[in-house]
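Here is what each chain is made of, one letter per residue.
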Amino acid sequence: MSRLMDTAEHEELRLEILELCREAQPYGTNPNVLRAALRKSGNDLSERELITQVDYLKDKGLVETQEVVNRRLAINRLIVRLTAAGTDYLEGNGPDIAGVG
């Protein structure tokens with residue numbers, strides 16, 4: 001696949017991740033749920049690929065992550081939430097952001 005197509009696919013994938021995070025507001029979602037939803041739309045990503053895209057969006061200030069740990073219940077989850085800047089971007093109230101569809 002050409003580099004241009006890869007870039008376009010990544011941009012659209014990131015936009016879809018933002019949309020899914022918006023649907024999960026205000027609580028956020030975890031990578032397993034994101035992967036399952038993305039798989040239904042034809043994007044079958046590994047956990048590592050998804051985390052790479054989430055980290056990219058985090059670096060842009062569009063999402064935030066929080067690790068939730070409860071040792072007693074043996075729970076260790078990463079939660080991904082849309083930030084205010086992410087909401088503004090999706091609503092068209094912010095600047096265009098390079099790398100996001």
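The structure reproduced in this document is the subject of the present report. (Residues numbered from 1 in each chain as written. Predicted model: local features only at pLDDT ≥ 70, side-chain atom pairs only at ≥ 80, totals over all residues. Heavy atoms only, no water.)

## With respect to the pairing of strand β1 (residues 63-70)
Along any regular strand, the residues point their side chains to alternate faces of the sheet.
Here's step 1: Note that β1 and strand β2 (residues 75-82) share eight bridges and pair antiparallel. Bridge assignment links Gln-66 to a residue of β2, and that residue is Ile-79.
Here's step 2: Once β1 ends, the chain turns through four residues before running back antiparallel as β2, passing Ala-74 with a positive phi of about 55°. (Pairing = 2+ DSSP bridges. Helix = DSSP H or I, 4+ residues; strand = E, 2+ residues; numbered from the N terminus.)

## Focus on helix α4 (residues 84-91)
Here's step 1: Considered for burial, the residues of α4 that qualify are Gly-86, Thr-87, Tyr-89 and Leu-90. With its buried residues spanning 160° around the axis, α4 presents them on a single face.
Here's step 2: One or two positions beyond α4, positive phi appears at Gly-92, with a value near 80°. (Buried < 20%, exposed > 50% of the residue type's maximum accessible area, 1.4 Å probe, protein only. Arc of directions from axis to C-beta.)

## Digging into the packing of aromatic side chains
Here's step 1: Taken as a whole and judged by the stated rule, the model has zero aromatic pairs.
Here's step 2: Here Arg-14 stacks its cationic end above the ring of Tyr-56, 3.7 Å away from the centre of that ring. (Phe/Tyr/Trp six-rings, centres within 6.5 Å; stacked < 30°, edge-to-face > 60°. Lys NZ or Arg CZ within 6 Å of the ring centre and 35° of its normal.)

## Observations concerning the nonpolar core
Here's step 1: Of all hydrophobic cores here, the largest spans 20 residues; its most connected members are Ile-17, Leu-18, Val-63 and Tyr-89.
Here's step 2: For this core, the elements supplying multiple residues, two or more each, are α1 (3-23), α2 (31-40), α3 (47-59), β2 and α4.
Here's step 3: In terms of residue count, the dominant contributor to this core is α1 (six residues). (Core = buried A, V, L, I, M, F, W, Y, C linked by side-chain atoms within 4.5 Å.)

## Description of unusual backbone geometry
Here's step 1: Note that the residue after Gln-25, namely Pro-26, is joined by a cis bond; omega there is 0°.
Here's step 2: Mapped onto the elements, Pro-26 comes out in the loop between α1 and α2.
Here's step 3: Even without being glycine, Ala-74 reaches a positive phi, approximately 55°.
Here's step 4: You can see Ala-74 is positioned in the loop between β1 and β2.
Here's step 5: Using a relative accessible area of 69% as the deciding quantity, one classes Ala-74 as exposed.

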